[in-house]
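Inside the fold
Here is what each chain is made of, one letter per residue.
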Amino acid sequence: MLELVSKTQSFDGNQCQYRHRSDALDCEMQFSIFLPSQAEKNQRFPVLYWLSGLTCTDENFSQKAGAQRMAAELGIALVIPDTSPRGDRVADDEAYDLGKGAGFYVNATQAPWKPHYQMYDYVVKELPALIEENFPVSDRRAISGHSMGGHGALTIALKNPGRYTSVSAFSPICNPMACAWGEKALAAYLGADRSLWEEYDATALLSRATAQLPMLVSQGEEDQFLDQQLKPNALKAAADAAGYPLKLEFHAGYDHSYYFIATFIEQHLRFHADYLLHNP
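About the criteria used
- Residues numbered from 1 in each chain as written.
- Predicted model: local features only at pLDDT ≥ 70, side-chain atom pairs only at ≥ 80, totals over all residues.
- Heavy atoms only, no water.
- Helix = DSSP H or I, 4+ residues; strand = E, 2+ residues; numbered from the N terminus.
- Rg over C-alpha atoms; globule rule 2.2 N^0.38 Å.
- Buried < 20%, exposed > 50% of the residue type's maximum accessible area, 1.4 Å probe, protein only.
- Contact = heavy atoms within 4.5 Å.
- Bend = angle between axes of the 7 residues up to and from the residue.
- Salt bridge = Lys/Arg side-chain N within 4 Å of Asp/Glu carboxyl O.
- Pairing = 2+ DSSP bridges.
- Phe/Tyr/Trp six-rings, centres within 6.5 Å; stacked < 30°, edge-to-face > 60°.
- Lys NZ or Arg CZ within 6 Å of the ring centre and 35° of its normal.

So, about the overall build of the protein chain. Looking only at helices and strands, one finds ten helices and nine strands in the protein chain. Whereas a compact globule of 280 residues would reach a radius of gyration of roughly 19 Å, the protein chain reaches 17 Å, a difference of no more than 12%. Seen through its principal axes, the protein chain has C-alpha atoms that stretch 50 × 40 × 35 Å. Burial status across the protein chain gives 58% buried among its 280 residues. Expressed as a percentage of contacts within the protein chain between residues at least 6 apart in sequence, the contacts between residues at least 24 apart total 71%.

Laid out in structure tokens, this is it:
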């Protein structure tokens, strides 16, 4: 059952928020969706799923990225889930990089996280089924994200190449097994066995991928997290060794903020449109 929270016209389309009960997460969840104006003409749109980063909700991208103009022009729906389960019964941590707002798009196996932190299943299975049942969209999907959400987009696409036409990321956490953010989250959610962490590490997954997707990664050279947390060069090394078609672009002067995303979101949307719209 979907509950409309808000609806705002944008570039002749509609930017909406909905609330629903999630079986995968066992809590109430909220997501944002942008539908181009042609939605009123019985057209079904391909969907770009956007995964946001640490501390974010479904509102950061929809309010700051400026993606609606190009999505409307191209005829692509945008779906933005929250970054973690929410609610009084949901486990949390005092730190910003674990718990609510920091779900890392994994299926947790450890207490106290396991009952609710099944974000992988929510993004891959439950949410797309809900979207495709209730909105004028097709089953053609692409996926993108920023920082922790870039990690989520890359790992989800690499694990499910048949579900997505393309994948992109801004400033992704490329090798979480080798950075403080990732080590903390993966240990908490998955336990001490590091071999299990490889299933949520884009560098590890890419190195053994048997299917390939078009992949675009954009990274700002002035990003304060570049060297210690993001490690795009590890992803590039794995791609080169595996012959994977990764397009990694570094941009001088740009940092980790939504100013960076807003600057290059048109490029990413056009990249996905090439595959969502023209390669059925």
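A separate point is helix 3 (residues 119–134). At Glu126, helix 3 is bent by approximately 35°, the largest bend along its length, and proline Pro128 sits one to four residues beyond. For helix 3, the full list of buried residues reads Met119, Tyr120, Tyr122, Val123, Val124, Glu126, Leu127, Pro128, Leu130 and Ile131.

Looking now at the pattern of salt bridges. One pass over the full model with this rule turns up 16 salt bridges. Between Asp82 and Arg86 there is a salt bridge; the shortest N-O distance is 2.8 Å. Judged by its relative accessible area of 6%, Asp82 falls in the buried class. With a shortest N-O distance of 3.4 Å, Arg208 and Glu198 are connected by a salt bridge. One end of the pair, Arg208, is in the loop between helix 7 (202–207) and strand 8 (215–220); the other, Glu198, is in the loop between helix 6 (194–197) and helix 7, with ten residues separating them in the sequence. What you see here is one network of salt bridges that share partners, running through Arg69, Glu73, Glu266 and Arg270.

On to the pairing of strand 3 (residues 27–35), then. Where burial is concerned, most of strand 3 is hidden: eight out of the nine residues are buried. Here strand 2 (residues 13–22) folds back onto strand 3, and the loop between the two strands holds four residues, one of which, Asp26, carries a positive phi near 55°. Sheet topology places strand 3 next to strand 5 (residues 77–81); four bridges connect them, and they run antiparallel. Paired with Ile33 across the strands is Val79, a residue of strand 5.

This next bit is on the packing of aromatic side chains. Within this structure, the stated rule accounts for 15 aromatic pairs. Judged by centre distance (4.1 Å) and plane angle (20°), the rings of Trp50 and Phe61 are stacked. Here Trp50 is found in strand 4 (residues 45–51), whereas its partner Phe61 is found in helix 1 (residues 59–64), with eleven residues between them in sequence. According to the relative accessible area criterion, Trp50 is buried, its value standing at 1%. Between Tyr254 and Phe264, the ring centres sit 5.2 Å apart and the planes meet at 75°, which makes this aromatic pair edge-to-face. Placement of Tyr254 in the loop between strand 9 (246–251) and helix 10 (258–276) and of Phe264 in helix 10 is noted, with a sequence separation of ten residues between them. By relative accessible area, Tyr254 is classed as partly exposed at 28%. Taking the relative accessible area as the measure of exposure, Phe264 reaches 15% and is therefore buried. By way of ring pairs, the aromatic residues Trp50, Phe61, Phe170, Tyr254, Phe260 and Phe264 are connected into one cluster. The lysine or arginine in question, Lys159, covers the ring of Tyr120, its NZ or CZ lying 5.4 Å from the ring centre. Over the ring of Tyr200 we find Lys159, and its NZ or CZ is 5.3 Å from the ring centre.

Functional significance is not addressed by these values, which are geometric in nature.
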